Amino acid sequence: MTIDSHQHFWKYEPVKHSWIDDEMAVIRKDFMPADLHQVYKEHDMDGCVAVQADQTLEETDFLLQLSHENNFIKGVVGWVDLRDPNVDEVLEKYHRFKKVKGFRHIVQGESDHNFLLRPNFLRGISYLEKYGYTYDILIFPHQLGATLEFVKQFPHQKFVIDHMAKPYIKDSFYDGWAVLMTEIAKQENVFCKLSGMITEADYNAWSSRQIIPYMEVVLGAFGADRVMFGSDWPVCLVAGNYGQVKSLVTDFIADLAASEQDAIMGGNATTFYSLK
C-alpha cells in the first residue's frame, strides 16, 4: 500500500484552531475525508494515518468515527492526557478500537524544554507498550536533547519523530539539529517522518535544493527501513500542493532500490502502525 503517514482533519473553529494565523489563512476552513479522498485518487495514494490536531478526547473520538466511516483512513493517532493518574484505564478503553494505533502530545507547544522528561508524562508513556500503541514525537529542534534522553528510557516502545523535528529550514539552522537527529537515530526503535518540510521553509520561496540536505541527514541516519512519507495535509497547503509535497520525497528517493522506495512510501508506515 502507498500510505500517507501523517495528515489531519478538522471542522474549523476560530478559537480551537487559533494556531492557524493570518499567514495560514488558506486553511481556515473545514478539511474532511471527502476532500482528501479526491486528492488521493489524483495522486495514487491508497490510505492514510489521521493524526490529532487538538488535545482533547473528543478529537480522538472524532478521528475514530471518521476512520469507521472511511476505509482509506487506515489508522488514527489520537490524544489522551498521558499525565492523567488514570491514563491506563483510558488507554484500555481505546484498545478495543483497532484503528487507534497510537497517541501524540503537542510537545512543541510546551514552554518546558524538558516536558518529555516529567515524571508523570514518563509514567503515562510506560503504559503504551502494554497495548502495542505507538507514540508520535512532535517537537522543535531545541527539544531534541530532552528527546534523546526520553527515547533512551523506553528501548522497546515504538516512536516516530514527526516532521523531522521541524528544523528551521527557513533560517538555515542545520548543524545542531543534524548532530542530535543522528544520535537519536541510533535508537533502533525510533522512526522518522519525511513530512512537514515545506512549511518549515519559506512558504512562498522554498526549493527542493534547500530541503534536500535535511532529508539526506534523516535517510542517512535512520535508513530506508525507518523513514516514512507524510504529507501533513492540509497544513502543507499554506506552502504548496499535495503533488509538490509527494514529488519532493519521491524525487529524492528515486535512485534507491524499488523495495526501499516502496518501504518509504508505505511499507514502513504499514509495519510501524500495524495497518491493514
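Residues numbered from 1 in each chain as written. Predicted model: local features only at pLDDT ≥ 70, side-chain atom pairs only at ≥ 80, totals over all residues. Heavy atoms only, no water.

*Asks:* Sorry, what's going on with the overall build of the protein here?
*Replies:* From N to C terminus, the protein includes ten helices and eight strands. In summary, the protein has a C-alpha radius of gyration of 17 Å against a globular reference of 19 Å for 276 residues, a match within 12%. Classification of the 276 residues of the protein by burial places 55% in the buried group. For the protein, the share of sequence-separated contacts (at least 6 apart) that also reach a separation of at least 24 residues comes to 79%. Carbon and sulfur atoms provide 48% of the accessible area of the protein, an area that totals close to 11800 Å². Averaging the positions of the 26 positive and the 39 negative side-chain charges in the protein gives two centres separated by 5 Å. (Helix = DSSP H or I, 4+ residues; strand = E, 2+ residues; numbered from the N terminus. Rg over C-alpha atoms; globule rule 2.2 N^0.38 Å. Buried < 20%, exposed > 50% of the residue type's maximum accessible area, 1.4 Å probe, protein only. Contact = heavy atoms within 4.5 Å. Areas by Shrake-Rupley, 256 points an atom, 1.4 Å probe, with all protein chains shown as cover. Lys, Arg positive; Asp, Glu negative; His and termini not counted. Charge placed at Lys NZ, Arg CZ, Asp CG, Glu CD.)

*Asks:* Mind showing me how you'd approach unusual backbone geometry here?
*Replies:* In terms of backbone geometry, most residues other than glycine have negative phi values and most peptide bonds are trans. Residue Trp 233 is joined to Pro 234 through a cis peptide bond whose omega torsion reads 5°. Inspection of the secondary structure puts Pro 234 in the loop between strand S8 (227–229) and helix H9 (242–252). You will see that Asp 44, though not glycine, has its phi angle at about 55°, which is positive. In this structure, Asp 44 sits in the loop between helix H1 (33–42) and strand S2 (47–51). Of note, Ser 274 is a non-glycine position whose phi angle comes to about 55°, a positive value. Topologically, Ser 274 is positioned in the segment after helix H10 (258–272).

*Asks:* Can you walk me through the side chain of Lys 246 in this structure?
*Replies:* Here Lys 246 lies in helix H9. Within the buried set, Lys 246 has no salt-bridge partner at all; the shortest N-O distance to an opposite charge, 5.2 Å, is to Asp 44. A polar atom in the side chain of Lys 246 sits 2.6 Å from the backbone oxygen of His 43. With residues up to four places along the chain from it excluded, the contact list for Lys 246 reads His 43, Asp 44, Met 45, Phe 229 and Met 265. (Salt bridge = Lys/Arg side-chain N within 4 Å of Asp/Glu carboxyl O. Polar contact = N/O pair within 3.5 Å; in protein donor to acceptor, adjacent residues only side chain to side chain.)

*Asks:* What exactly am I supposed to notice about H9 here?
*Replies:* Owing to its 3.6 residues per turn, the α-helix aligns residues three or four sequence positions apart on the same side. All buried positions along H9 are accounted for by Tyr 242, Gly 243, Val 245, Lys 246, Leu 248, Val 249 and Phe 252. Check the buried side of H9 and you find it contacts strand S1 (3–7), H1, strand S7 (190–194), helix H8 (208–222), S8 and H10.

*Asks:* Hey, could you run me through the nonpolar core in this one?
*Replies:* One broad rule of soluble globular proteins: the nonpolar side chains tend to lie buried together. Among the nonpolar cores identified, the biggest contains 85 residues, and Tyr 135, Phe 150 and Trp 177 are the most heavily contacted of them. The element contributing the most residues to this core is H8, with seven residues. Ignoring any residue separated from it by four or fewer positions in sequence, one finds Trp 177 in contact with Pro 141, Leu 144, Met 164, Ala 165, Pro 167, Tyr 214, Val 217 and Val 218. By size, the runner-up hydrophobic cluster in this structure holds eleven residues, among which are Val 51, Val 77, Ala 269 and Leu 275. (Core = buried A, V, L, I, M, F, W, Y, C linked by side-chain atoms within 4.5 Å.)

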